[in-house]
Amino acid sequence: QVQLVESGGGLVQAGGSLRLSCAASGSIFSISTMGWYRQAPGKQRELVANIPSGGSTNYADSVKGRFTISRDNARNTVYLQMNSLKPEDTAVYYCNADLTYWSGRYGYANDCWGQGTQVTVSS
């Protein structure tokens, strides 16, 4: 019923920039919080940033001042602008959304995840 599709990952040199996008599609009733997580090889998945429906933002300390999260509610899309990228930012980045979707006559709350997009930063 619902899909989250990320795009925008790639290979960049240190100091470069990328913008990730994640579009949610399907019979969505509402989306509360959208966010980005990342997982580097051999490490646990960690929160990078999230943005509740009210528009506030939260960032991991490691990305504050470099990354900016935003969302377009009309398009059910969340973005992550990543500037001044560092090699330690290399990871698979996953989109996440807390949402309610329609299935028949019922609405279901769920915590949805995208498939991930690879970000690689070379030194």
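Here the structure is a predicted model, which means the values were calculated and not measured.

Undergrad: Report on the nonpolar core, specifying residues and quantitative values.
TA: Counting residues in each nonpolar core, the largest one holds 31 residues, and the members touching the most others are W36, V48, F67, V78, L80, M82 and Y93. When contributions to this core are tallied by element, the ones reaching two or more residues are β3 (18-26), β4 (28-39), β5 (46-51), β7 (67-72), β8 (77-82), β9 (91-103) and β11 (117-122). Take this core: its biggest share by element is six residues, from β9. Those residues in contact with V48 that sit more than four places away from it in its chain are W36, Y37, R38, N58, Y59, A60, V63, F67, L80 and Y93.

Undergrad: Account for the environment of S32, naming residues and giving values.
TA: Along the chain, S32 turns up in strand β4. Exposure remark for S32: the relative accessible area of 35% places this residue in the partly exposed category. Sequence-wise, S32 and A97 are 65 residues apart; in three dimensions their C-alpha atoms are separated by 7.4 Å. Setting aside its immediate chain neighbours within four residues, S32 contacts I51, P52, S53, R71 and D98.

Undergrad: Before we move on, can you summarise the pairing of strand β10 (residues 106-113) with the specific residues and values?
TA: Relative to β10, β9 runs antiparallel, the two sharing eight bridges. Bridge pairing links A97 to C112 in β10. Where β9 folds back onto β10 in an antiparallel hairpin, the turn is made up of two residues, including G104, whose phi is positive at roughly 65°.

Rules used in this analysis
Residues numbered from 1 in each chain as written. Predicted model: local features only at pLDDT ≥ 70, side-chain atom pairs only at ≥ 80, totals over all residues. Heavy atoms only, no water. Core = buried A, V, L, I, M, F, W, Y, C linked by side-chain atoms within 4.5 Å. Buried < 20%, exposed > 50% of the residue type's maximum accessible area, 1.4 Å probe, protein only. Helix = DSSP H or I, 4+ residues; strand = E, 2+ residues; numbered from the N terminus. Contact = heavy atoms within 4.5 Å. Pairing = 2+ DSSP bridges.

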